[in-house]
Amino acid sequence: MPLSADPAPLRRTPLHAVHIARGARMVPFAGYEMPVQYAAGILAEHLHTRAQAGLFDVSHMGQATLRGADAARALEALVPGDLDGLGLGRTRYTLLLNETGGILDDLMATRTADGLSLVVNASRKEADFAHLRERLPRGIAVEPLIDWALLALQGPLAATVLARHAPGIDRLAFMAATEASVAGTRCWVTRSGYTGEDGFEISLAADAAPALAEALLAEPEVAPVGLGARDTLRLEAGLCLYGHDIDEGTTPVEAGLSWTIGKRRRSEGGFPGADAVLRQLSDGPRRKRVGIRPDGRAPAREGTDIVDDSGRSVGRVTSGGFGPTVGAPIAMGYVRAEQARQGEPLSLVVRGVARPARVAPLPFVPHRYHRA
Amino acid sequence: MSTLRFTEDHEWVRLDGDVVAIGITDYAQSQLGDVVYVELPEPGRRVEKGKEAAVVESAKAASEVYAPVSGEVIETNQAIVEEPARVNADPMGEGWFMKVRLADAAELEGLMDEAAYTSFVAGLG
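Residues numbered from 1 in each chain as written. Chains lettered and ligands numbered in written order. Predicted model: local features only at pLDDT ≥ 70, side-chain atom pairs only at ≥ 80, totals over all residues.

Concerning the overall build of chain A
Within chain A one finds nine helices and 19 strands. Whereas a compact globule of 372 residues would reach a radius of gyration of roughly 21 Å, chain A reaches 20 Å, a difference of no more than 12%. Projecting the C-alpha coordinates of chain A onto the three principal axes gives extents of approximately 65 × 50 × 45 Å. With 372 residues in all, chain A has 51% of them scored as buried. Long-range pairs, those at least 24 residues apart, make up 66% of the contacts in chain A with a sequence separation of at least 6. (Helix = DSSP H or I, 4+ residues; strand = E, 2+ residues; numbered from the N terminus. Rg over C-alpha atoms; globule rule 2.2 N^0.38 Å. Buried ≥ 20, exposed ≤ 12 C-beta atoms within 10 Å, placed from the backbone. Contact = placed C-beta atoms within 7 Å.)

Overview of the overall build of chain B
Looking only at helices and strands, chain B features four helices and nine strands. From first element to last, N terminus to C terminus, chain B shows the α and β order β-β-β-α-β-β-β-β-β-α-α-β-α. In summary, chain B has a C-alpha radius of gyration of 13 Å against a globular reference of 14 Å for 125 residues, a match within 12%. Considering only C-alpha atoms, chain B reaches an extent of 35 × 35 × 25 Å along its principal axes. By residue count, 39% of the 125 residues in chain B fall in the buried class. Considering only residue pairs separated by 6 or more positions, chain B has 61% of its internal contacts joining residues 24 or more positions apart.

Describing the pairing of strand S1 (residues 25-29) of chain A
Residues and elements named next belong to chain A. When S1 meets strand S2 (residues 32-37), the two strands line up antiparallel, connected through five bridges. Looking across to S2, one finds that Phe-29 is bridged to Tyr-32. A loop of two residues connects S1 with S2, the two strands running antiparallel in sequence, and Ala-30 in this loop sits at a positive phi of about 50°. (Pairing = 2+ DSSP bridges.)

A short note on the sheet that holds strand S18 (residues 345-350) of chain A
Residues and elements named next belong to chain A. One closed barrel holds the six strands; their spatial order is S14-S17-S16-S15-S18-S19, and the pairing between them is antiparallel. The average angle at which neighbouring strand axes cross in this sheet is 40°, direction not considered. Helix-sheet contacts for helix H7 (residues 227-236) involve strand S16 (313-323) and strand S17 (328-336), and the interaxial angle to S16 is about 125°. (Axes fitted to C-alpha atoms, helices over the stretch in contact; angles between N-to-C directions.)

A short note on the confidence of the model for chain B
Residue-level pLDDT values for chain B average 95, and 99% of them are 70 or greater. Among the prediction metrics, the complex's ipTM stands at 0.90, with pTM recorded as 0.95. (pLDDT = per-residue confidence, 0-100.)

Here's the deal with the sheet that holds strand S5 (residues 91-97) of chain A
All names here are of chain A. Taken together, the five strands give an open sheet; going across it, the order is S5-S6-S7-S4-S8, and neighbouring strands pair in antiparallel fashion. Of all the strands in the sheet, just S5 and strand S8 (141-144) have a single pairing partner and so form its edges. Ignoring which end each strand starts from, the neighbouring axes of this sheet average 30° apart. As paired strands, S5 and strand S6 (residues 103-112) are joined by seven bridges and run antiparallel to one another. In the strand pairing of S6, Thr-91 is matched with Thr-110.

Points about the interface of chain B and chain A
Contact residues are listed per partner, giving 10 residues for chain B and 14 residues for chain A. Ranked by residues supplied to the side of chain B that touches chain A, first place goes to strand S4 (residues 35-39) of chain B with three residues. For the side of chain B that touches chain A, the per-class residue count stands at five nonpolar, one polar and four charged. (Nonpolar A, V, L, I, M, F, W, Y, C, P; charged D, E, K, R; others polar.)

Notes on the environment of Pro-91 of chain B
Checked against the element boundaries, Pro-91 of chain B lands in the loop between helix H3 (85-89) and strand S9 (98-102). Contacts of Pro-91 of chain B, omitting those with residues within four sequence positions, involve Gly-23, Ile-24, Thr-25, Asp-26, Ala-28 and Gln-29 of chain B.

Examining the domain arrangement of chain A
All names here are of chain A. Domain annotation of chain A identifies domain 1 (16-62 + 147-236) and domain 2 (286-372). Centre-to-centre, using C-alpha coordinates, domain 1 lies 29 Å away from domain 2. On the side of domain 2, 17 residues touch domain 1, which itself brings 15 residues to the contact. The set of elements that each furnish at least two residues to the side of domain 1 that touches domain 2 consists of helix H2 (42-51) and H7. (Domains from an automatic or database assignment.)

Quick word on the nonpolar core
What tends to happen in soluble globular proteins is that the nonpolar side chains get buried as a cluster. All names here are of chain A. Ranked by size, the top nonpolar core spans 132 residues in total, and within it Leu-75, Leu-118, Leu-151, Leu-153, Val-189 and Ile-292 carry the most contacts. Lining this core are residues from two domains, each supplying at least three of them: domain 1 (16-62 + 147-236) and domain 2 (286-372). Ignoring any residue separated from it by four or fewer positions in sequence, one finds Ile-292 in contact with Val-317, Ala-331, Met-332, Gly-333, Leu-346, Ala-357, Val-359 and Ala-360. (Core = buried A, V, L, I, M, F, W, Y, C linked by C-beta atoms within 7 Å.)

So, the environment of Arg-92 of chain A
All names here are of chain A. Mapped onto the elements, Arg-92 comes out in strand S5. Taking the number of C-beta atoms within 10 Å as the measure of exposure, Arg-92 has 22 and is therefore buried. Here the alpha-carbon distance between Arg-92 and Gly-262, two residues 170 residues apart in the chain, equals 11 Å. Excluding its chain neighbours within four sequence positions, the residues that come into contact with Arg-92 are Gly-81, Leu-83, Leu-86, Ala-109 and Met-175.

Some details on helix H5 (residues 158-165) of chain A
In an α-helix there are 3.6 residues to a turn, and that puts residues three or four apart on one side. Residue and element names in this part refer to chain A. Of the positions making up H5, those classed as buried are Ala-158, Val-161, Leu-162 and His-165. Buried residues of H5, viewed axially, fall in a sector of 90°; they line one side. Looking at the buried side of H5, the elements it contacts are strand S3 (53-57), strand S9 (148-154), strand S10 (177-182), strand S12 (199-205), helix H6 (209-217) and strand S13 (222-224). (Arc of directions from axis to C-beta.)

Things to note about unusual backbone geometry
A negative phi angle is the norm for most residues apart from glycine, just as the trans form is the norm for most peptide bonds. Residues and elements named next belong to chain A. Note that the residue after Leu-362, namely Pro-363, is joined by a cis bond; omega there is -5°. Along the chain, Pro-363 falls in the segment after strand S19 (353-360). For Asp-147, which is not a glycine, the phi torsion comes out positive at approximately 60°. Summarising the element assignment, Asp-147 is placed in the loop between S8 and S9. Residue class for Asp-147 comes out exposed when judged on the 9 C-beta atoms lying within 10 Å of it.

A word on the environment of Leu-153 of chain A
Residues and elements named next belong to chain A. As for its position among the elements, Leu-153 is in strand S9. Once the C-alpha coordinates of Leu-153 and Glu-76 are considered, the two residues, 77 residues apart in sequence, prove to be 30 Å apart. Once residues within four sequence positions are removed from consideration, Leu-153 is found in contact with Ala-53, Leu-55, Ala-158, Val-161, Leu-162, Gly-199, Phe-200, Ile-202 and Leu-216.

What about the packing of H2 of chain A against H7 of chain A?
Residues and elements named next belong to chain A. Where H2 contacts H7, the axes come no closer than 8 Å and their chain directions differ by 55°. Here H7 runs oblique to H2, going by the angle between their axes. In the packing of H2 onto H7, the handedness of the crossing is right-handed. Two secondary-structure elements touch here, H2 through Ile-42, Glu-45, His-46 and Thr-49 and H7 through Gly-228, Ala-229, Thr-232 and Leu-233. Partitioned by chemical class, the residues of the contact of H2 with H7 number three nonpolar, four polar and one charged. (Parallel < 35°, antiparallel > 145°, perpendicular 65-115°, else oblique. Left-handed = near helix turned anticlockwise from the far one by under 90°.)

Shown next as C-alpha cells:
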C-alpha cells in the first residue's frame, strides 16, 4: 500500500467509529486515517468482494459539483472526454490533462440537471479544485461537497443487497446515476466502482452515513473491506491508481486510456496537450502500460526494474503484488512499445535477481459490470 | 528441554543440540497480515546474525527476515513456500523457516527469553 508520510494531523471520515468498532487497522492515507484491513484480512476481504459484496469507505475522495448551464462543455477544455454528449444521469471516466498531455488526475463525471458532479482522487482533490477554479469560466461554480460521505458497495450480490434498501436500484444501468432513497436516506447512487465487479457508489450527507453503513453491514452478504483489498481488487481489474500507474509524466495513450478520448474530441481537439496526445494516437506511443505475469511466485512491487533478455532496462513496474483471485503475482508497468506485445518475455529484477515474466492481457480478472 | 529465544525484529530461534530452528513470531505474522510468498536460502548457505536470511511477503509488502544467529543453513521448510498461509496459521510450529547449524552458541545470549519478548511486544502498544 502506498502510504503518505504527511506529518499534518490526519483527518477522519464520517465512518471512523464504524471502522474502529469493526476492528479495522487504521493507517494514514492521503491525509486521512483509513482502514487498510479489518480482522478478516486482505485476502479474505478481496475474495469476499468477488464472491458476494464488500462495503468500502471512500469518503476521503473529493466530491464536487460544477454548477452552470454549460458546465459539461466548459470542462471539456480541461479533459479529452466527450462530456457534452453525456446524457442526463450518465457517468463517464475522464482525465484532467496538463499542457503536454500528462495526466493531472483521473475522475468520474456525472451529468446532472444543473451541471456535473465529480469524484476525484483524495490525494489530488485540493489541487484539482484549485485547477478547476482557475481554468473554468466565471459562470461555472466549483462547489466541493463538504460534510459528505461516499460508500462503495461492490460485488456480484451488491445489486441484490442494495435493492432491499432501495427498491428498483438494481435496474440502474452501468455508469448511470440517480437520486434515490436508500434505507430512508436521500442518496446519490452511481452504478460504478473500482473492483471490476458490479457495484454502486453511494454519496450522502456525512451525518447519515454511519447508519447506512451499519444497515448494509447487517446484511449477511456484506463484509467491510479496507484499502488493502481495494488495491488488490483494482490491480486484478487492470485499473490505474493515480500517482502510481498514471501521473503528470504519462499520457492517456501511453496509459492505455485512449478509449477515454471521445470521437468528436479526436477530430476537434481543444483539450490540454491535444497536439501531443493526438500525435501519439496516430503514430503510436514510445511506451505503453501493460499487464505483467511473473513466471515464478515472487511478487514484483512498484518500482521494480523491467529488463529484456540482454539485461537492458525497458521499463518499470508501477503497481504489483499478489492477486488473490488469480492466485499468483501480477503487476502493471510501462515498457517500450516494441516490448508491449502479449506474451513478450521480460525479466523483473527483484532483490537483485532477474526473474522471468511475460506481458499479459489486462484485466487479469474479467470485468463483471452490469450489462442490462 | 529446548531453548526458545526472540529478537527485537520478531524472529524466534529454538535450540535443539547444535541446531536452531528459526521462524517469525505470532506478533510478526499478525502485523504482516496474509503471507503470500516466502523466499528461503539454499541449504548450505551461511547466514550471518542480523543479516537478511529470508524474505516474507504479505498482501501489502515485502519484509526481510534476519538471521537471529550465524551458521550454516541445513534445512528449509518447503511447506511454507508451497503454502505461505501456514506462516499465519502456525508461526511458531509448522510455519518455521529454516534450520541452521549454530556457529557460536554465545550468540544466543543477547536474545530475549519468552517473558522478555512478551513484555517487549506489550511495550510496542
